[in-house]
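Topology and contacts: notes
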Amino acid sequence: MIKVSVMYPHTPGARFDHAYYRDKHMPLLKSRMGDACKSYTIDKGLAGGAPGEPPTYVGMCHVYADSVESFQAGFGPHAKEILADIANYTDIQPVMQISEVVVG
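Residues numbered from 1 in each chain as written. Predicted model: local features only at pLDDT ≥ 70, side-chain atom pairs only at ≥ 80, totals over all residues. Heavy atoms only, no water.

All right, on to the nonpolar core then. Among the nonpolar cores identified, the biggest contains 22 residues, and Tyr8, Leu29, Met33, Val63 and Phe71 are the most heavily contacted of them. Within the residue set of this core, elements represented by two or more residues are β1 (2–9), α1 (18–33), β3 (57–65), α2 (68–75) and α3 (79–84). Those residues within four positions of Met33 in sequence are excluded, and the remaining contacts are Val63, Phe71, Gly74 and Phe75. (Core = buried A, V, L, I, M, F, W, Y, C linked by side-chain atoms within 4.5 Å. Buried < 20%, exposed > 50% of the residue type's maximum accessible area, 1.4 Å probe, protein only. Helix = DSSP H or I, 4+ residues; strand = E, 2+ residues; numbered from the N terminus. Contact = heavy atoms within 4.5 Å.)

Encoded structure:
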């Protein structure tokens, strides 16, 4: 099992619409990927490690798939549509990471 994490760094003055991300963007991704997306989670950043510090990431998602190949097969054909939707909820450049799920 792999996890594709997409993280949006906290950036002062940047726009991130959490409701749109939760209610529109991630359901769009899931509907296009179908069974290639086993599940996903969404995180909303609240705070950093020190009191009063802003979160490192304002928002992030984690998409679970059987393998990198199955993720690419599900995402690839719809990448243009899914990536174009980013402008509808943020102006932040996301950071991505693919991880192997060791314990889950």
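Right, let's get into the packing of aromatic side chains. Counting across every chain of the model gives 8 aromatic pairs. For the ring pair Phe16 and Tyr21, a centre distance of 5.2 Å and an interplane angle of 65 degrees mean the geometry is edge-to-face. Each of the two residues, Phe16 as well as Tyr21, counts as buried. Each ring, one from Phe16 and one from Tyr89, has its centre 5.5 Å from the other, and the planes form 75 degrees; the classification is edge-to-face. Note that Phe16 is positioned in the loop between β1 and α1 and Tyr89 in the loop between α3 and β4 (95–100), a separation of 73 residues in sequence. (Phe/Tyr/Trp six-rings, centres within 6.5 Å; stacked < 30°, edge-to-face > 60°.)

The subject of this paragraph is the pairing of β1. Taking burial as the measure, the 8 residues of β1 include 6 buried ones, the bulk of the element. Pairing analysis gives 8 bridges linking β1 to β3, with the strands arranged antiparallel. Note that in β3 the partner of Val4 across the bridge is Val63. With 6 bridges joining them, β1 and β4 adopt antiparallel strand pairing. Considered in β4, the bridge of Lys3 is made with Ser99. (Pairing = 2+ DSSP bridges.)

It is worth spelling out α2 at this point. Taken as a whole, α2 has its buried residues at Phe71, Gly74 and Phe75. Within α2, the buried residues cover an arc of 90 degrees as seen down the axis, which keeps them to one side. Of the exposed residues in α2, the ones pointing more than 90 degrees away from its buried face are Glu69 and Ala73. Looking at the packing, one finds that the buried side of α2 touches β1, α1, β3 and α3. (Arc of directions from axis to C-beta.)

By the element assignment, Asp17 lies in the loop between β1 and α1. There is a polar contact of 3.0 Å between the side chain of Asp17 and the backbone nitrogen of Tyr20. (Polar contact = N/O pair within 3.5 Å; in protein donor to acceptor, adjacent residues only side chain to side chain.)

Quick look at the sheet that holds β4 now. Pairing within the open sheet is antiparallel, and its 4 strands lie in the order β2-β3-β1-β4. The open sheet is flanked by β2 (39–44) and β4, the only strands paired with a single partner. Adjacent strand axes in the sheet meet at a mean angle of 15 degrees when their direction is disregarded. Bridge count for β2 against β3 is 6 bridges, and the pairing is antiparallel. Across the sheet, residue Asp43 finds its bridge partner in β3, namely Met60. α1 contacts β1, β2 and β3 of the sheet and is inclined by roughly 20 degrees relative to β3. (Axes fitted to C-alpha atoms, helices over the stretch in contact; angles between N-to-C directions.)

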